Amino acid sequence: MVRLPLTPAEVERGQRLGALLRRARGYRSMLDVALASRISPETLRKIESGRVATPAFPTVAAIADTLGLSLDAVWAEINRAERAVEDQSVLPVARRPSLVS
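Remember, predicted model here, so these are calculated numbers, not experimental data. (Residues numbered from 1 in each chain as written. Predicted model: local features only at pLDDT ≥ 70, side-chain atom pairs only at ≥ 80, totals over all residues. Heavy atoms only, no water.)

Description of helix α3 (residues 41–49)
Residues of α3 that are buried include every one of Leu44, Ile47 and Glu48, and no others. The buried residues of α3 occupy one face: seen down the axis, they fall within an arc of 95 degrees. Where the residues of α3 are buried, they touch α1 (8–25), α2 (30–37) and α4 (57–67). Gly50, located one to two residues past α3, shows a positive phi value of around 85 degrees. (Buried < 20%, exposed > 50% of the residue type's maximum accessible area, 1.4 Å probe, protein only. Helix = DSSP H or I, 4+ residues; strand = E, 2+ residues; numbered from the N terminus. Arc of directions from axis to C-beta. Contact = heavy atoms within 4.5 Å.)

This is the structure in structure tokens:
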């Protein structure tokens, strides 16, 4: 099976995921979090470093559960920068006056 190269957006999303998980792990050791998540420490290290930009959903779910993160929060965080870029690319439209002051 041939794996297609990742797009720049996928690589950036993987880096944001890794940074989020590193921050959420805080002072907990990588070994403790990996074992509690039932993944190898090497897998966690690769995800946190962005080397694995598109980890399997069950892997992300297990790590998020171990760190006490909701999957909705993880998804929102890793897609935040993409939405900001998309929002900037949309042409401004005329706004109607607000009824609420």
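Structural notes on the packing of α1 against α3
Relative orientation of the contacting elements α1 and α3 amounts to 115 degrees, with a least axis distance of 6 Å. On α3, the residues that touch Gly14, Leu17, Gly18, Ala19, Leu21, Arg22 and Arg25 of α1 are Leu44, Ile47, Glu48 and Ser49. (Axes fitted to C-alpha atoms, helices over the stretch in contact; angles between N-to-C directions.)

Let's talk about the packing of α2 against α3
Orientation of α2 relative to α3, taken along the N-to-C sense of each, is 110 degrees, at an axis distance of 8 Å. In terms of orientation, α2 and α3 fall into the roughly perpendicular class. In this structure, the crossing between α2 and α3 has a hand that is right-handed. Contacts between α2 and α3 involve Met30, Leu31, Val33 and Ala34 on the former and, on the latter, Pro41, Leu44, Arg45 and Glu48. (Parallel < 35°, antiparallel > 145°, perpendicular 65-115°, else oblique. Left-handed = near helix turned anticlockwise from the far one by under 90°.)

Details of the nonpolar core
Leu17, Leu21, Leu44, Ile63 and Val74 are the most contacted members of the largest nonpolar core, which has 14 residues in total. Going through the elements one at a time, α1, α2, α3, α4 and α5 (71–89) are the ones with two or more residues in this core. Ranked by the residues each element gives to this core, the list is headed by α4, at four residues. Not counting residues up to four positions away in its chain, the partners in contact with Leu17 are Ile47, Pro55, Val60, Val74 and Ile78. (Core = buried A, V, L, I, M, F, W, Y, C linked by side-chain atoms within 4.5 Å.)

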